[in-house]
Amino acid sequence: MFLSRMENHCFLLFVFVFQAIFILILYRSGPSRVFRGFVEAPQVVVVDYSKPHDVYTNLSLFTRAPSEDTMPYCSAQSPVLVGPLTITFKVLPSERMIIKRNPFVQSGGHYRPPHCFARYKSAILVAYRNQEKKLRHLLYYIHPFLQRQQLSYTIYLIQQVGTGSFNRAKLLNVGVREAMKDEEWDCLVLHDIDLVPENDYNLLPYKSFFGGVSALTPEHYMKMNGFPNTYWGDGGENDDIATRIHLAGMKIVQTSPHIGRYRVTDYKEETEIPDPWRRPPSQHNTRKTWKADGMNTLQFRLLSRTKHPLYTKITVDIGYVPPFS
């Protein structure tokens, strides 16, 4: 039914008056909370690193639920995130102290929130050889850091034995192979032992990113054929890994530098002896080798798999074949 001419004029007058009142309110009082999102650009969260918090702050709020039958799913964003964290390496924490401060961590370094069902399950994989001090600092900070994000997780330590040069990338391949026997993980977090996160808004459960701390889904890891097995000694593998990510049709997402900050432990517990057999990184042609050098060609000898109070240790012999032999 069409409006009469008089009714149409009245309607237009009403709209005009309403708009005039709305504009006057904005002019006199500024945008209300209801409309502010439409008239202002999104505000950038300011993170003040001059006022850090203890990494164990508010974790006591997580208490065990009376029954799993009535336990809810964890909130999409953890209620105890605080941002910048106090990180110091002046005092070496003892294993006993770390265990005491993390009462819900189970044997093997496994944790699940006591008060809710975690939305994400993450395997934390750390390549290791004779770095006890760095390990203790990492465990002291990484356990509460992950708990603050309400994750279900297990920390795996992949230890290389023998006198051959350290092969971080191959050890992480071993860690992925072994960790996938335990759980259908949502995320694989490949973590350097000497890096400690400084901000708990640096979320680890599901974003894919790359660097000293890398996170990928198991599907993405297998799509790029894992990491290369042929880089012995320090350096070189990161460029190879970045290249194979692109060749597999994926992209690297970097966390904001203001959020994804890490402190580096400065202990020098092991000095890598320069190896005359080490192939220069430039000798690797990733475009030709990535499909034949990775998870599908991984060979190792599993020596032991032990559950410690704060982590699961996987000890392996990954061999050592000189690149030019």
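The rules behind the values
- Residues numbered from 1 in each chain as written.
- Predicted model: local features only at pLDDT ≥ 70, side-chain atom pairs only at ≥ 80, totals over all residues.
- Heavy atoms only, no water.
- Disulfide = S-S within 2.5 Å.
- Helix = DSSP H or I, 4+ residues; strand = E, 2+ residues; numbered from the N terminus.
- Buried < 20%, exposed > 50% of the residue type's maximum accessible area, 1.4 Å probe, protein only.
- Pairing = 2+ DSSP bridges.
- Salt bridge = Lys/Arg side-chain N within 4 Å of Asp/Glu carboxyl O.
- Core = buried A, V, L, I, M, F, W, Y, C linked by side-chain atoms within 4.5 Å.
- Contact = heavy atoms within 4.5 Å.
- Polar contact = N/O pair within 3.5 Å; in protein donor to acceptor, adjacent residues only side chain to side chain.
- pLDDT = per-residue confidence, 0-100.

Structural notes on the state of the cysteines
Applying the stated criterion to the full structure yields 1 disulfide. With its sulfur 2.0 Å from that of its partner, Cys74 forms a disulfide with Cys116. Disulfide Cys74 to Cys116: torsion about the S-S bond roughly 85°, handedness right-handed. Note that Cys74 is positioned in the loop between α2 (33–39) and α3 (95–101) and Cys116 in the loop between β1 (110–111) and β2 (121–128), a separation of 42 residues in sequence. Exposure remark for Cys74: the relative accessible area of 1% places this residue in the buried category. Exposure remark for Cys116: the relative accessible area of 3% places this residue in the buried category.

Examining the pairing of strand β9 (residues 312–317)
Along β9, 5 of the 6 residues are buried, which leaves the element largely enclosed by surrounding structure. Pairing of strand β3 (residues 152–160) with β9, which is carried by 5 bridges, proceeds in the parallel orientation. Residue pairing for β9: Gln160 is matched across the bridge by Val316. Bridge count for strand β8 (residues 301–307) against β9 is 6 bridges, and the pairing is antiparallel. Across the sheet, the residue bridging to Arg305 is Ile314, located in β9. Between β8 and the antiparallel strand that follows it, β9, lie 4 residues.

Considerations on the pattern of salt bridges
In total, this model carries 12 salt bridges according to the counting rule given. Between Glu237 and Arg168 there is a salt bridge; the shortest N-O distance is 3.3 Å. Of the two residues, Glu237 sits in helix α7 (residues 237–247) while Arg168 sits in helix α5 (residues 168–179), which places them 69 residues apart along the sequence. Judged by its relative accessible area of 7%, Glu237 is buried.

Concerning the nonpolar core
Leu135, Leu139, Tyr141, Leu146, Tyr153, Ile155 and Tyr311 are the most contacted members of the largest nonpolar core, which totals 36 residues. Secondary structure elements with two or more residues in this core: β2, α4 (132–148), β3, β4 (187–191), β5 (195–197) and β6 (213–216). The element contributing the most residues to this core is α4, with 8 residues. In this structure Leu139 touches Ile98, Pro144, Ile155, Leu310 and Tyr311, once residues within four positions along its chain are discounted. Judged by nonpolar contacts, the second largest core, of 30 residues, contains Val174, Val176, Phe227 and Ile241.

Here's the deal with α7
Along α7, the residues classified as buried are Glu237, Asp240, Ile241, Ala242, Arg244 and Ile245. Structurally, α7 contributes buried residues whose contacts are with α5 and α8 (286–289). Where α7 ends, the next residue or the one after it, Gly249, has phi of about 80°, a positive value.

Some thoughts on unusual backbone geometry
Of note, the phi angle at Gln150 is positive, near 60°, even though the residue is not glycine. Looking at where Gln150 falls in the secondary structure, it is placed in the loop between α4 and β3. Classification of Gln150 by relative accessible area gives buried; the value is 5%. In the Ramachandran plot, Asn225 falls in the positive-phi region, its phi being about 65° despite a non-glycine side chain. Looking at where Asn225 falls in the secondary structure, it is placed in the loop between α6 (218–223) and α7.

Quick word on the environment of Asp54
Position of Asp54 among the secondary structure elements: in the loop between α2 and α3. By relative accessible area, which is 37% here, Asp54 ends up partly exposed. Asp54 sits 33 residues away from Ile87 along the chain, and the two C-alpha atoms are 8.2 Å apart. Setting aside anything within four residues of it in sequence, one finds Asp54 in contact with Leu85, Thr86, Arg101 and Arg148. In terms of polar contacts, Asp54 uses its side chain to reach the backbone amide nitrogen of Tyr56, at 2.8 Å.

Considering the side chain of Asp192
Turning to its location among the elements, Asp192 is positioned in the loop between β4 and β5. Among the polar contacts made by the side chain of Asp192, one reaches the side chain of Arg168 at a distance of 2.8 Å. Not counting residues up to four positions away in its chain, the partners in contact with Asp192 are Leu138, Arg168 and Gly212.

A word on the side chain of Asn202
Secondary-structure assignment places Asn202 in the loop between β5 and β6. On the basis of relative accessibility, which here comes to 1%, the residue Asn202 falls in the buried class. Residue contacts for Asn202: discarding those within four places in its chain leaves Phe145, Gln149, Thr255, Ile259, Gly260 and Tyr262.

Section: the confidence of the model for the protein chain
Per-residue confidence for the protein chain averages 81 on the pLDDT scale, and 76% of its residues sit at or above 70. Between residues 205–209, whose pLDDT stays under 50, and residues either more than four places distant or in other chains, the model counts 19 contacts. When the criterion is pLDDT under 50, residues 270–279 qualifies, and its contacts beyond four places in sequence or with other chains add up to 23 contacts.

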